[in-house]
Amino acid sequence: ITDKTSAPGISDPLLFWLPSIAPCGAIFVEGDKYGSWKGDYMVPSLRFNYLNRCKVNGDKVSGQEKLIQDIGRMRSIKQDREGYIYIGLESPGLVLKLIPIW
């Protein structure tokens, strides 16, 4: 923990949240299973109980979207070999599988 906001040789972050959403894991969506989400950055918010989708264009975040709100504290996120995304919830202690319906 420091009061420094910059230092030689360190780049500024491309994205940050104030107040912190308490990000707990993150993935870049791979494959075609989730259509337009491919390449986007998915970040579970432990503090505010939602999944944050960061729309990525090149090396920039062009927008954000709150998904799956108020279902519990999101503790982790993973994508399996088949391309499905899983979210681990601390409370009530569940693992959710996101299944696209489009």
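Residues numbered from 1 in each chain as written. Predicted model: local features only at pLDDT ≥ 70, side-chain atom pairs only at ≥ 80, totals over all residues. Heavy atoms only, no water.

## Description of the nonpolar core
With 14 residues, the main nonpolar core has Tyr34, Met42, Leu51, Ile77, Ile85 and Ile87 as its most contacted residues. Of all the elements in the fold, those that place two or more residues in this core are β5 (74–79) and β6 (85–89). Broken down by element, this core gets its largest block of residues, three residues, from β6. Dropping the residues within four chain positions of it, Ile77 is found in contact with Cys24, Gly25, Ala26, Ile27, Met42, Pro44, Leu51, Ile85, Tyr86 and Ile87. (Core = buried A, V, L, I, M, F, W, Y, C linked by side-chain atoms within 4.5 Å. Buried < 20%, exposed > 50% of the residue type's maximum accessible area, 1.4 Å probe, protein only. Helix = DSSP H or I, 4+ residues; strand = E, 2+ residues; numbered from the N terminus. Contact = heavy atoms within 4.5 Å.)

## Thoughts on the pattern of salt bridges
By the definition in use, this model includes five salt bridges. Its salt-bridge partner being Glu65, residue Arg53 comes within 2.9 Å of it at the nearest N-O pair. Here the residue Arg53 occupies a position in strand β3 (residues 50–57), and Glu65 occupies one in strand β4 (residues 60–67), the gap between them amounting to 12 residues. When its relative accessible area of 9% is taken as the criterion, Arg53 is described as buried. Classification of Glu65 as partly exposed rests on a relative accessible area of 31%. (Salt bridge = Lys/Arg side-chain N within 4 Å of Asp/Glu carboxyl O.)

## Re the packing of aromatic side chains
Going through the model one piece at a time under the given rule, you end up with two aromatic pairs. With a centroid separation of 4.7 Å and an interplanar angle of 40 degrees, the aromatic rings of Phe28 and Tyr41 are classed as tilted. Linking Phe28 in strand β1 (residues 27–28) with Tyr41 in strand β2 (residues 41–45), this pair joins segments that are 13 residues apart in sequence. Judged by its relative accessible area of 48%, Phe28 is partly exposed. On the basis of relative accessible area, Tyr41 is assigned to the partly exposed category, the value being 26%. Look at Tyr34 and Trp37: their rings are 5.6 Å apart centre to centre, the planes differ by 10 degrees, and that puts the pair in the stacked class. In terms of burial, Tyr34 and Trp37 fall into one category: buried. Cation over ring: Lys66 sits above Tyr50, and NZ or CZ is 5.0 Å from the ring centre. For Lys97, the ring lying beneath its charged end belongs to Tyr84, and the centroid distance is 4.1 Å. (Phe/Tyr/Trp six-rings, centres within 6.5 Å; stacked < 30°, edge-to-face > 60°. Lys NZ or Arg CZ within 6 Å of the ring centre and 35° of its normal.)

## Description of the environment of Lys33
If you trace the backbone, Lys33 turns up in the loop between β1 and β2. By relative accessible area, which is 30% here, Lys33 ends up partly exposed. Distance in space between the C-alpha atoms of Lys33 and Phe16 is 27 Å, their sequence separation being 17 residues.

## Some thoughts on the sheet that holds β5
A sheet is described by the order of its strands in space; here three strands give the open sequence β5-β6-β7, paired in antiparallel fashion. Two strands in the sheet have a free side with no partner beyond their single neighbour: β5 and β7 (94–98). Between one strand and the next, the sheet's axes are offset by a mean angle of 20 degrees, whatever the strand orientation. As judged from the five bridges shared by β5 and β6, these two strands associate in the antiparallel manner. Of the residues in β6, the one forming a bridge with Met74 is Leu89. (Pairing = 2+ DSSP bridges. Axes fitted to C-alpha atoms, helices over the stretch in contact; angles between N-to-C directions.)

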